[in-house]
Amino acid sequence: MSDTRPYVRYSDAVEVLQPDEAEVISRIVESMSRVNRATFERHGHATRDAHAKSHGIVVGTLTVKEGLPAHLRQGLFAEPREYPVVVRLSSAPGDIQSDAIPSLRGLAIKVLGVPGPKVLPEHREETTQDFLLVNHPVIPFGHVKAYLKAQSFAERRSGSSDLSKQVTSAVLRGAKHVLGAVGVENETVKALGTPNTHLLGQTFHSMAALRFGDYLAKLSAAPLSDEVRRLAGETIHGDTEADFSTLTDRVVAFFREHEARYELRAQLCTDLGRMPVEDASVVWPEALSPHQAVATLTLPRQDVRSPARRVYGDDVLSFNPWHCVEAHRPLGSIMRVRRHAYEASSRFRHEMNLAPRVEPRSVSDIPA
């Protein structure tokens, strides 16, 4: 039986520039740059302004499903085929902190060999498509003005000790009222103090919307193989000092023995009022549009943190939602912030670490 849901068609009209957006974005990027510079001075090494800590670089394949209905045969999912991928597992803060501190975690996918025109002219020779996913369905600060408040708070906190960050995380998990320093309601702020569980057992989300060919969608990646499904909810306990790398160690140990498979899903927009593009803090209701499987992400056994791979992942690799084909253009004001923020962060990191800014052409470019 064919799907008769009224999926919203993509057009330029689905995006609406926010008041004073350019000025607000400029202030956000300036704040991020100050934090980047301070972090570099503290460590003597430039890191990403978000998701600075890597837990592993993994190579694998993305297999587009056969027999997809027409509304899912979009962009790089238009036909059944297999793409090589590079995946980076990470923690969200822009500083290197203990794995014992609860934090949002990330799964960034770089798909290689993707044909089609790129959105940004400076990427026109690239053949990569990036999808950046985090283990929470929405961005707590879903539009540019809320994000500016959050970034200002993050800048003030950026030099805090691990103990201070752990206390802040605990406060966020138990908050009952609006967090005045940030100006965001409790239900979204709670995401910043998410329970500390095994990274590989979690479901990851694009949080913000992107173009999905003729439509609009959010993407998610959910555990599929038994080995990763068993890790769902496995609590990570530890001391901030003694267990600084406890999550990283678990990821490395897992891939030494097991393959991981995830199901990549698309949730298509059916109602711009209840499933907004410009406010990424709003959960899109499953009742209006369920997540539908489009591909399988397969990550075989390997050494995900060899010295050479670790350096390549930290200093050379970059992940950016604007590394994309037109069919998967990022949408909404948060994504428009990312266009400028990711570029500034990547340029600073590569320049300060004397590392080339290049995109991999094949998985053979990734050190073993």
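For clarity, every value in this text was computed on a predicted model and none was experimentally measured.

What counts as what
Residues numbered from 1 in each chain as written. Predicted model: local features only at pLDDT ≥ 70, side-chain atom pairs only at ≥ 80, totals over all residues. Heavy atoms only, no water. Helix = DSSP H or I, 4+ residues; strand = E, 2+ residues; numbered from the N terminus. Buried < 20%, exposed > 50% of the residue type's maximum accessible area, 1.4 Å probe, protein only. Areas by Shrake-Rupley, 256 points an atom, 1.4 Å probe, with all protein chains shown as cover. Contact = heavy atoms within 4.5 Å. Expected span 1.5 Å × (residues − 1). Axes fitted to C-alpha atoms, helices over the stretch in contact; angles between N-to-C directions. Parallel < 35°, antiparallel > 145°, perpendicular 65-115°, else oblique. Left-handed = near helix turned anticlockwise from the far one by under 90°. Nonpolar A, V, L, I, M, F, W, Y, C, P; charged D, E, K, R; others polar. Core = buried A, V, L, I, M, F, W, Y, C linked by side-chain atoms within 4.5 Å. Salt bridge = Lys/Arg side-chain N within 4 Å of Asp/Glu carboxyl O. Phe/Tyr/Trp six-rings, centres within 6.5 Å; stacked < 30°, edge-to-face > 60°. Lys NZ or Arg CZ within 6 Å of the ring centre and 35° of its normal.

Peer 1: How would you summarise the overall build of the protein if you had to cite specific residues and measurements?
Peer 2: When helices and strands are tallied, the protein shows eight helices and nine strands. The buried share of the protein, taken over its 368 residues, is 56%. For the protein, the accessible area works out to roughly 15,600 Å², and carbon and sulfur atoms hold 52% of it.

Peer 1: Explain the environment of Gly332 to me, and be specific about the residues and the numbers.
Peer 2: Assignment of secondary structure puts Gly332 in the loop between helix 7 (307-316) and helix 8 (333-352). For the pair Gly332 and Glu15, spaced 317 residues apart in the sequence, the C-alpha separation amounts to 5.9 Å. In this structure, Gly332 is in contact with Glu15, Val277 and Glu278, ignoring residues within four places of it in sequence.

Peer 1: Run through helix 2 (residues 144-157), naming residues and quoting values.
Peer 2: Count 3.6 residues to each turn of an α-helix, and residues three or four apart come out pointing the same way. Its 14 residues give helix 2 an end-to-end C-alpha distance of 20 Å, which sits within 8% of 20 Å, the value for a rise of 1.5 Å per residue. Its buried side turned inward, helix 2 meets helix 1 (21-43) and helix 8.

Peer 1: Lay out the packing of helix 1 against helix 8 in plain terms, naming residues and giving numbers.
Peer 2: With their axes 10 Å apart at the nearest point, helix 1 and helix 8 run at an angle of 30 degrees to one another. When the axis of helix 1 is compared with that of helix 8, the two are roughly parallel. Between helix 1 and helix 8 lies a crossing whose hand is right-handed. Side by side, helix 1 and helix 8 meet where Glu21, Ile25, Ile28, Val29, Met32, Asn36, Arg37 and Phe40 of the first sit next to Ser333, Arg336, Val337, His340, Ala341, Ala344, Ser345, Phe348 and Met352 of the second. Of the residues assigned to the contact of helix 1 with helix 8, the class counts are 10 nonpolar, four polar and three charged.

Peer 1: Help me get a handle on the nonpolar core, residues and values and all.
Peer 2: Within the largest apolar cluster, 46 residues are counted, with the highest numbers of intra-cluster contacts made by Leu62, Phe77, Ile109, Leu200 and Phe255. Setting aside chain neighbours within four positions, we find Ile109 in contact with Val85, Val86, Val87, Gln129, Asp130, Phe131, Leu133, Leu264, Leu297 and Phe319.

Peer 1: Let's hear about unusual backbone geometry: which residues, and what values?
Peer 2: Its identity is not glycine, yet Asp20 carries a phi of approximately 55 degrees, on the positive side. For Leu354, which is not a glycine, the phi torsion comes out positive at approximately 55 degrees. Counting through the fold element by element, Leu354 comes out in the segment after helix 8. Overall, the relative accessible area of 77% leaves Leu354 in the exposed class.

Peer 1: I'd love a proper account of the pattern of salt bridges, names of residues and values included.
Peer 2: Under the criterion given, the structure shown has 17 salt bridges. Put simply, Asp99 and Lys53 hold a salt bridge, and the shortest N to O gap is 2.8 Å. Placement of the pair is Asp99 in the loop between strand 2 (82-91) and strand 3 (105-112) and Lys53 in strand 1 (residues 53-64), with a sequence separation of 46 residues. Each member of the pair, Asp99 together with Lys53, is buried. Put simply, Arg336 and Glu278 hold a salt bridge, and the shortest N to O gap is 3.1 Å. Taken together, the residues span a long stretch of sequence, with Arg336 in helix 8 and Glu278 in the loop between strand 8 (260-268) and strand 9 (292-299) at a distance of 58 residues. In this pair, the class of Arg336 matches that of Glu278, namely buried. Linked by salt bridges that have partners in common, Glu15, Glu21, Glu278 and Arg336 make up one network.

Peer 1: Residue-level account of the environment of Leu219, with values.
Peer 2: Here Leu219 is to be found in strand 7 (residues 215-223). Spatially, the C-alpha atom of Leu219 lies 8.8 Å from that of Leu268, the residues being 49 residues apart in sequence. Apart from residues no more than four positions distant in its own chain, Leu219 is found in contact with Phe131, Leu133, Phe204, His205, Ser206, Leu210, Phe212, Arg265 and Ala266.

Peer 1: Just give me the short version of the packing of aromatic side chains, but keep the residues and values in it.
Peer 2: Tallying each qualifying case throughout the model produces five aromatic pairs. Plain terms: the ring middles of Phe40 and Phe348 are 6.1 Å apart, the flat faces sit at 85 degrees to each other, and that makes the pair edge-to-face. Taken together, the positions of Phe40 in helix 1 and Phe348 in helix 8 put the pair 308 residues apart, joining distant regions of the chain. Using a relative accessible area of 15% as the deciding quantity, one classes Phe348 as buried. Relative to Phe131, the ring of Phe77 has its centre 6.3 Å away and its plane inclined at 25 degrees; by these criteria the two rings are stacked. One end of the pair, Phe77, is in the loop between strand 1 and strand 2; the other, Phe131, is in strand 4 (residues 128-134), with 54 residues separating them in the sequence. Like Phe131, Phe77 is buried. The ring of Phe319 is capped by Lys110, whose NZ or CZ atom sits 4.8 Å from the centre of that ring.

Function cannot be read off these values alone, since they describe shape.
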